[in-house]
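Observations on chain architecture
So the chains spell out like this:
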Amino acid sequence: LCFRRYFIMVLTSCLFWNMFGSSGAMDSKPNILLFLADDLGIGDIGCYGNNTIRTPNIDRLAREGVKLTQHIAAAPLCTPSRAAFLTGRYPIRSGMASSNRYRALQWNAGSGGLPPNETTFARLLQQQGYTTGLIGKWHQGVNCESSTDHCHHPLNHGFDYFYGMPFTLQNTCEENKPREMDVALQAKLWLYSQIITLAVLTLTAGKLTGLISIRWKIIASFTLVGGLFFISWYSSYGFVQYWNCILMRNHDITEQPMRLERTASLMLKEAVSFIKRNKHGPFLLFVSFLHVHTPLFTTKKFLGKSRHGLYGDNVEEMDWMVGKILDSLDKEGLKNHTFTYFASDHGGHLEVQEGSAQLGGWNGIYKGGKGMGGWEGGIRVPGIFRWPGVLPAGAVIDEPTSLMDIYPTLVHLAGGILPQDRVIDGRNLVPLLRGRAQKSEHEFLFHYCGSYLHAVRWHEKDSGAIWKAHYVTPIFHPPGAGACYGKGICPCFGEGVTHHDPPLLFDLSRDPSEARPLSADTEPLFDTVIKKIGRAIEEHRRTLTPVPEQLSLYNVLWKPWLQPCCGTFPFCWCDKEGGSTQSL
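Position numbers for residues start from 1 in each chain and track the written sequence from start to end. Local features in a predicted model are, by the rule used here, given only for residues with pLDDT of at least 70; side-chain atom pairs are given and counted only at 80 or more, and totals for whole chains, interfaces and linings are based on all residues. As a rule here, side-chain values cover all heavy atoms of the structure and leave hydrogens and water aside.

Naming follows an unreviewed UniProt entry, where the chain appears as ARSD Arylsulfatase of Pedionomus torquatus. UniProt positions are given in the numbering used here, feature names are shortened, and annotations may be inferred rather than shown by experiment. The annotation that UniProt attaches to the chain under Sequence similarities (unreviewed entry) is "Belongs to the sulfatase family." Turning to the chain, the UniProt annotation filed under Cofactor (unreviewed entry) states: "Ca(2+)".

On to the pattern of salt bridges, then. When the charged atoms of two side chains lie near each other, side chains of opposite charge can form a pair. The term salt bridge refers to a side-chain nitrogen of Lys or Arg lying within 4 Å of a carboxyl oxygen of Asp or Glu. Overall, the coordinates contain 25 salt bridges when judged by the stated rule. Its salt-bridge partner being Lys370, residue Asp39 comes within 2.9 Å of it at the nearest N-O pair. Placement of Asp39 in the loop between β1 (31–37) and α2 (56–63) and of Lys370 in the loop between β10 (357–358) and α11 (376–379) is noted, with a sequence separation of 331 residues between them. Residues Asp39 and Lys370 agree in their burial class; the two are buried. In this structure, Lys468 engages Glu376 in a salt bridge whose closest nitrogen and oxygen atoms are separated by 2.7 Å. Of this pair, Lys468 sits in strand β16 (residues 466–474) while Glu376 is found in helix α11, placing the two residues 92 residues apart along the sequence. Going along the chain from the N terminus, every DSSP run of H or I of four or more residues is numbered as a helix, and every run of E of two or more is numbered as a strand. Each residue is assigned to one of three classes by its accessible area relative to the maximum for its type, calculated with a 1.4 Å probe on protein chains only: buried under 20%, partly exposed between the two thresholds, exposed over 50%.

As a further point, take unusual backbone geometry. In this model, His291 is joined to Val292 through a cis peptide bond whose omega is 5 degrees. Looking at the element boundaries, Val292 is found in the loop between β7 (283–288) and α10 (309–331). Here the amide bond leading from His477 into Pro478 is cis, since omega sits at -5 degrees, within 30 degrees of zero. In this structure, Pro478 sits in the loop between β16 and β17 (497–507). Here Asn250, not a glycine, exhibits a phi torsion of approximately 55 degrees, which is positive. As for its placement among the helices and strands, Asn250 is situated in the loop between β5 (247–249) and β6 (252–256).

Our next topic: helix α9 (residues 260–277). Helix span, as expected, comes to 1.5 Å for every residue beyond the first. The terminal C-alpha atoms of α9, which comprises 18 residues, lie 26 Å apart, in line with the 26 Å expected from a rise of 1.5 Å per residue. Buried within α9 we find Leu260, Arg262, Thr263, Ala264, Ser265, Leu266, Met267, Leu268, Glu270, Ala271, Phe274 and Ile275.

What follows concerns the state of the cysteines. By convention in this document, the label disulfide applies to cysteine sulfur atom pairs within 2.5 Å. Tallied over the entire structure, the rule returns 6 disulfides. Here Cys173 pairs with Cys245 through a disulfide, and the sulfurs are 2.0 Å apart. Every disulfide takes its handedness from the sign of the S-S torsion; for Cys173 and Cys245 that torsion is -85 degrees, giving left-handed. Here Cys173, found in the loop between β4 (161–165) and α6 (183–209), pairs with Cys245, found in the loop between α8 (240–244) and β5; they are 72 residues apart in sequence, far enough to count as distant. Cys245 carries the same exposure label as Cys173, and that label is buried. Here Cys484 engages in a disulfide with Cys490; their sulfurs sit 1.9 Å apart. Because the torsion about its S-S bond is 100 degrees, the bridge between Cys484 and Cys490 counts as right-handed. The burial state of Cys484 is the same as that of Cys490; both residues are buried. In the chain, the cysteines engaged in disulfides, taken in order along the sequence, are linked 1-2, 3-4, 5-8, 6-7, 9-11, 10-12. Cys78 forms no disulfide, and the closest cysteine sulfur to it belongs to Cys173, at a distance of 13 Å. By relative accessible area, which is 3% here, Cys78 ends up buried.

The structure is reproduced here in structure tokens:
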């Protein structure tokens, strides 16, 4: 019996050694620290080739860990990309892919969001004994039917602690910034309101002068209808800063509207505090940066310090925050016990400008940017992993991987089991990261723009080729500009796109910039590749099941009864953070 027990102990030790390497400092359940930037381009940080914006802390992660060069977001916009990241599934499977022009959540008081029946990695890690926290941006919805049901809230999706924005940064969160939400629609609504006002004044003047024979009741009716029309739209668009720009701690609102000059300090303080409180672990900390989304509010310490204007300043501030959080791991002796990851939710935003100043990111050699579901610049993002003693230092992996892969990877590290009642599109990256596997498990990756399939990537493992077929591409404005300037973001459908039959085909292993489309005349395998990808699309579509569309027009509308409010609606104003933090 003693020999049997000894044999089992030895066998278990060998299995553990084989899985996690020779580091004696490792726990079977490491702490997990996830950094996700907002709108950061792959060309914006030093370890991916930028030699002008200083990112020493992110670069240090790459030196001490593994860098992915073909890390792909499942969507080119915040809401769907983050839904895929959290669930390991294409957004179309959860209803987080839009068939209309609203491709991300528009309001805290919308009814759409990550469905309660979706299982996030936070939920699965929570079940494995992890303390889970989210600091920063959520953008997956808040409420469904009342202002307090919190059906989409982080705490309803596996997070034990939440501090941050339930929404996302917007220009309207900062004073004196140009509007960016439904600018064309707001202009029309203003015009209609002015026309109604002018009509009422004309009728009133005509009645008073006797030039128009009309009853006062009709004028009063016009006035009432005009007033209701104005109130109906201005009550939402006129107070966006109060409705969307809020900070929450768990279910409680702490700032409404938020004070941007101290937000970075608060986020950093909360992240460091979470690590300190849970240093005995295991913990999952998801630091979801508000950086580097517009309006690019940057504290005085970093203003004017970079060589790339306000955008560069904001990137360098974010990098500094990464460094401070990593320092807190070191201080608590947790560096070797922590699996750390850094990425961006999608590519940099090319169209965002202020005058002649570029306020969006740089996507390096890759065509396109944020909002473009097919072109590499919209979906190829940084991907860096560090786990000292387990993952090799300074390694570079060129295989195709996805943000959806984080889901099964974390579940594997935590000793959990993936849900068996749904399709999980991500793949466990541990063998690839450790060098135990040389090829990615992904054969095909499907690139959606909203609910519209724009492109497909085929990883031909035998030859190593990465084929990519584009079925739909946006029409750049002006022609050849590489983006949709003047439109804010490129569309997914309608007159703003071109359908390709046969599709545009590129070999990314030879042409990563997608500059030279292939044809049957220039590529002998053209027909074979197109047929292979076509069959993959058919098989993929057979795995899709109809689900409610969370980004439908009704779900994205502002609904006053769903508005998070720290007072009595509509008097929503509070500041519970005053004096609670120091400047950076």
